[in-house]
Structures are given as C-alpha cells and as structure tokens.
Amino acid sequence: MHMSLPKRSIAEFVGTFWLVFGGCGSAVLAATFPAVGIGFLGVSLAFGLTVLTMAYAIGHISGCHLNPAVSIGLAAARRFPVSELPAYIFAQVLGGIAGASVLYVIASGKPGFDLAAGFASNGYGIHSPGGYALGACLVAEVVLTLMFLLIILGATDPRAPQGFAPIAIGLGLTLVNLIGIPVTNMSVNPARSTGPALFVGGWAIEQLWLFWVAPIIGGLLAGLAYHAFAHESKREARQGAPAPQYS
C-alpha cells in the first residue's frame, strides 16, 4: 500500500534522526573514549549501520532516503517525483537537527564537554581533520556522494537481486566514511551536516555551504548518469542485444 506523503515524511524524519544521532553520536561519545575508543573505523561502521537498520525499518514506507542529496539524485534519475522533494528535504533536515539536539543533551552532561571540539561538524581547511584544503574537500564530497548514489541506484534497481539493497547501501556508506572522515569528517548528506553545525555555530555555519553544494552536485551527476545508463540498457534489452563475449 502506498503511504501518504505526510507519513513518509515522518518516516524520513525518524530515519534521519537515527542517522545523525547514531553516526555523529559514535564520533562524539565513543570515538576517543579512553583506552577503548572506536576510532575512524568504528564511526564509519556506525554510520553504515544507521542506514542499514533504517533501510529495513522504514524502507518500505518512505524509501529511506535520509539525505537531501539522495532524494535529489533519485529525482534526477526519475525514480522519485520532484514535487515531493520539499517535503522530504524539510523532514530530513528537521530529523538531523533533532538528532543533533538529543546528542547535545547527552554529550553536555559530561564535565569538560566543549563544542569547540567540533561536535562531529564537517569542515575544510583548518577545520578539516587532516587539514585538507577547500578544493580537495570539494572533490571528495562530490565524488564520494556520486559513488554512494550509484550504489543506491544500482542496489535498488528492479533488475538487481532483491532484499540485499540495505546491506550494499550500508556498507557503501561505511566505505565512504572510511575514505572521507580524515578529509571533511565526511558529509555526503546536507541534513547530517546541518544538525551539528547549528550547535557549533561560527566556522561550522560559515563552511556549511560546501556540505550542501557538493553532495547535491554529486547526487545530480549520479542520478543523471544512472538514468542515461539504465535507459540505454533497457533499450538494448528490448532490441535483443547479444550477450557479451569474454576472452
């Protein structure tokens, strides 16, 4: 049964809340915990697990986008109606803010907590974990968002093996974060970036533009490319294209 737009938007709010609270929460609360901190690997896995779990929990309700760049990329691939983008993006951003809010309440309960540590915000230049320049961060966010969208579009294609898409997408986001955390703290998701930035303020707000612009560019490129590729593949299938030959 097709769910109404308000119900699907609520599902997107909940899912994005979980992504920001779980992913950023692992970075803020657990990454540097004395002696047993989970580090980059643990944070990357946490982000992947939030998407994997929500894909099974709400994928059948809203499609589990959890990300404005994903929604825009799906629209570019003609897999999602453009008319529904505002509702989805609004719900995702609110969910990201709610996730960051709950995380702040918990994190600020520890003596010595300081937002100046970054609160898992994304940044470039002196605010990049590895000190990467703006150009490098822009390329990383565009390319990694593009590849993440290609994984989503391919894994959810009706011709792909059924039932495994959440695993591929969750592992895809894990890999994206393993590559990108040292560069920008890894966004590929404007809603994920907006929540923490609103609490940090200052430099995080000033640099937030990059973490909207770059993921949206990457999502659009992936959607347009996949649509062109998939359309051509379907046309060849209808014409009875010969099977590929392997030497």
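Residues numbered from 1 in each chain as written. Predicted model: local features only at pLDDT ≥ 70, side-chain atom pairs only at ≥ 80, totals over all residues. Heavy atoms only, no water.

## A few points about unusual backbone geometry
- A positive phi angle, near 60°, is found at Arg78, a position not held by glycine.
- Looking at where Arg78 falls in the secondary structure, it is placed in the loop between helix H3 (68-76) and helix H4 (85-107).
- Even without being glycine, Phe119 reaches a positive phi, approximately 55°.
- Here Phe119 is to be found in the loop between H4 and helix H5 (134-155). (Helix = DSSP H or I, 4+ residues; strand = E, 2+ residues; numbered from the N terminus.)

## Regarding the packing of H5 against helix H6 (residues 165-184)
- Between H5 and H6, the shortest axis-to-axis distance is 9 Å and the interhelical angle comes to 175°. With respect to H6, the axis of H5 lies roughly antiparallel. Contacts from Ala136, Cys137, Ala140, Glu141, Leu144, Phe148, Ile151, Ile152 and Ala155 in H5 reach Ala165, Ala168, Ile169, Gly172, Leu173, Val176, Ile179, Gly180, Val183 and Thr184 in H6.
- When grouped by side-chain class, the residues that make up the contact of H5 with H6 number 15 nonpolar, 3 polar and 1 charged. (Axes fitted to C-alpha atoms, helices over the stretch in contact; angles between N-to-C directions. Parallel < 35°, antiparallel > 145°, perpendicular 65-115°, else oblique. Contact = heavy atoms within 4.5 Å. Nonpolar A, V, L, I, M, F, W, Y, C, P; charged D, E, K, R; others polar.)

## A look at the nonpolar core
- Within the largest apolar cluster, 49 residues are counted, with the highest numbers of intra-cluster contacts made by Leu66, Phe148 and Ile169.
- Of all elements in the fold, only helix H1 (5-30), helix H2 (39-62), H3, H4, H5, H6, helix H7 (190-200) and helix H9 (210-238) reach the threshold of two or more residues within this core.
- Residue contributions to this core peak at 7 residues, all from H4.
- Ignoring any residue separated from it by four or fewer positions in sequence, one finds Ile169 in contact with Val51, Phe148, Ile151, Ile152, Ala155 and Thr156.
- Judged by nonpolar contacts, the second largest core, of 8 residues, contains Tyr124, Cys137, Leu210 and Phe211. (Core = buried A, V, L, I, M, F, W, Y, C linked by side-chain atoms within 4.5 Å. Buried < 20%, exposed > 50% of the residue type's maximum accessible area, 1.4 Å probe, protein only.)

## Quick word on the side chain of Asn189
- On the secondary structure map, Asn189 appears in the loop between H6 and H7.
- A polar side-chain atom of Asn189 sits 2.9 Å from the main-chain amide nitrogen of Ala191.
- Excluding residues that lie within four positions of it along the chain, Asn189 makes contacts with Leu19, Leu66, Asn67, Pro68, Phe211 and Pro215. (Polar contact = N/O pair within 3.5 Å; in protein donor to acceptor, adjacent residues only side chain to side chain.)

## Remarks on the environment of Gly135
- With respect to the secondary-structure elements, Gly135 resides in helix H5.
- A relative accessible area of 43% places Gly135 in the partly exposed class.
- The spacing of Gly135 and Val14 is 121 residues in sequence and 33 Å in space, taken between C-alpha atoms.

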